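Structure assessment
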Amino acid sequence: MYLEKLKLDGRVAVVTGGGRAIGLACVTALAEAGAKVVIAEIDPKVAASGRATLQKSGLDAEIVQLDVTNSTEVTKVADTLAARHGRIDILVNNAGIARSGIAAEDLSDEHWHNVNDVNYNGLFWCCRDFGRHMLAAGRGSIVNIGSMSGYIVNRPQKQAYYNASKAAVHHLTRSLGAEWADRGVRVNAVAPTYIDTPMVHEVPGVDAMMKDWLRDTPMGRLGKPDEIASVVHFLASDAASLLTGSIVLADGGFTCW
Ligand code: NDP
């Protein structure tokens, strides 16, 4: 009974930014559990390379080009996929950018808008447009990738815009979770610590900062993409049937200190 609840056979799942890193790990976990998965990526080359990696483990995924910041495109992709598959059961809102390292007083309008457009506005367009199909069907599970940065202020890198965007993701998750709870659609989030992906390695001065990050982490290490994908799989599945509006911290203990 318990293992059965983790199976996703017959379900259709969409993962934004699913071509690499945490997104690709989520695609792999959901596909391994039996779901038909769609990689929704801004860059078709990243999507194709992610799919090729997946195929090496005997799994597969469909690819669709999607820039989550373009609400018209999000609506179109959601409607097209729902019509093609007859259902959308799972949405993983993973697409996100950090662009860390700019002090608040030096931040341009462009930088603020860009990070919030991808991390927060884009995530909402996806919740709204895929959520509509889930609400019509009376079932669905949305998993948002938030961050421990929505709880704590990272140091020493400056990234107020990123931290604020992730805090907004968490409260949107709670709000939609409550709003849609009696209509069969669950909305939860995962809040990861530093995960070993290109995003972390793109932070300016990462080598010098790493010792601070590890010192502040009780487990003393970065997380791995598959460790986030396991939580996403659980939240997406019927094993999490009582969870909605929850933010699951997967942070190696970071927020304990
Ligand atoms: P990556 O940068 O490795 O991957 C992000 C993916 O999202 C990329 O494939 C990227 O495409 C895609 N993407 C970016 N913008 C858009 C867009 N507008 N529309 C569609 N797809 C887009 O990041 P991670 O795997 O590290 O992060 C994934 C998520 O996890 C993010 O939301 C991030 O904030 C969150 N997170 C990450 C942590 C970490 O330490 N790595 C910690 C906490 C949270 P492309 O490659 O073409 O740019």
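Read on for a plain summary of the structure. Keep in mind that what you see is a predicted model, and the values were worked out from it rather than measured.

What follows deals with the overall build of the protein. Counting its regular elements, the protein contains 8 helices and 7 strands. For 257 residues, the compact-globule formula gives about 18 Å, and the C-alpha radius of gyration of the protein, at 17 Å, lands near that figure. If one aligns the C-alpha atoms of the protein with their principal axes, the spans along those axes are about 50 × 40 × 40 Å. Split into buried and exposed, the 257 residues of the protein put 51% on the buried side. Restricting to contacts in the protein with at least 6 residues of sequence separation, those with at least 24 account for 74%. Of the roughly 11,500 Å² of accessible surface on the protein, a fraction of 55% belongs to carbon and sulfur atoms. Positive and negative side-chain charges in the protein, numbering 25 and 28 respectively, have mean positions lying 4 Å apart.

Counting buried residues in strand E2 (residues 36-41) gives 5 out of 6 residues, a clear majority hidden from the surface. Pairing of strand E1 (residues 12-16) with E2 involves 5 bridges; the strand directions are parallel. Bridge pairing in E2 links Val 12 to Lys 36. The parallel pair E1 and E2 is bridged by helix H1 (residues 21-32), and the resulting crossover is right-handed. Pairing of E2 with strand E3 (residues 62-65) involves 4 bridges; the strand directions are parallel. By the bridge assignment for E3, Ile 39 is matched with Ile 63. You can see the chain leave E2, run along helix H2 (residues 44-56) and come back into E3, and the turn it takes is right-handed.

What follows concerns the site of the ligand. In the vicinity of the ligand, 28 residues are found, and the nearest of them are Arg 20, Glu 41, Tyr 162, Ile 195 and Thr 197. Ile 22 is positioned with one of its backbone polar atoms (N or O) 3.1 Å from an oxygen atom of the ligand. Glu 41 has a polar side-chain atom sitting 2.5 Å from an oxygen atom of the ligand. Surface burial for the ligand is 92%, taken as the share of its 900 Å² of free accessible area covered by protein chains.

Now for the packing of aromatic side chains. Each aromatic ring pair is described using two quantities: the centre-to-centre distance and the angle formed by the ring planes. All told, the structure shown has 3 aromatic pairs when counted by the stated rule. Ring centres of Phe 124 and Trp 125 lie 5.9 Å apart, and the angle between their planes is 65°; on these two criteria the pair is classed as edge-to-face. Classification of Phe 124 as partly exposed rests on a relative accessible area of 28%. Since its relative accessible area comes to 22%, Trp 125 is described here as partly exposed. With 4.0 Å between their ring centres and 10° between their planes, Tyr 194 and Trp 213 make a pair best called stacked. You can see Tyr 194 sitting in the loop between strand E6 (185-192) and helix H6 (198-201) and its partner Trp 213 sitting in helix H7 (residues 206-215), a full 19 residues away along the chain. For the pair shown, Tyr 194 and Trp 213 are each scored as buried. Of the aromatic side chains, those joined through ring pairs into one cluster are Tyr 194, Trp 213 and Phe 254.

About the cut-offs
- Residues numbered from 1 in each chain as written.
- Predicted model: local features only at pLDDT ≥ 70, side-chain atom pairs only at ≥ 80, totals over all residues.
- Heavy atoms only, no water.
- Helix = DSSP H or I, 4+ residues; strand = E, 2+ residues; numbered from the N terminus.
- Rg over C-alpha atoms; globule rule 2.2 N^0.38 Å.
- Buried < 20%, exposed > 50% of the residue type's maximum accessible area, 1.4 Å probe, protein only.
- Contact = heavy atoms within 4.5 Å.
- Areas by Shrake-Rupley, 256 points an atom, 1.4 Å probe, with all protein chains shown as cover.
- Lys, Arg positive; Asp, Glu negative; His and termini not counted.
- Charge placed at Lys NZ, Arg CZ, Asp CG, Glu CD.
- Pairing = 2+ DSSP bridges.
- Right-handed = clockwise from strand over helix to strand, strands pointing away.
- Near = heavy atom within 4 Å.
- Polar contact = N/O pair within 3.5 Å; in protein donor to acceptor, adjacent residues only side chain to side chain.
- Phe/Tyr/Trp six-rings, centres within 6.5 Å; stacked < 30°, edge-to-face > 60°.

By themselves, these figures tell us nothing about what the structure is for.
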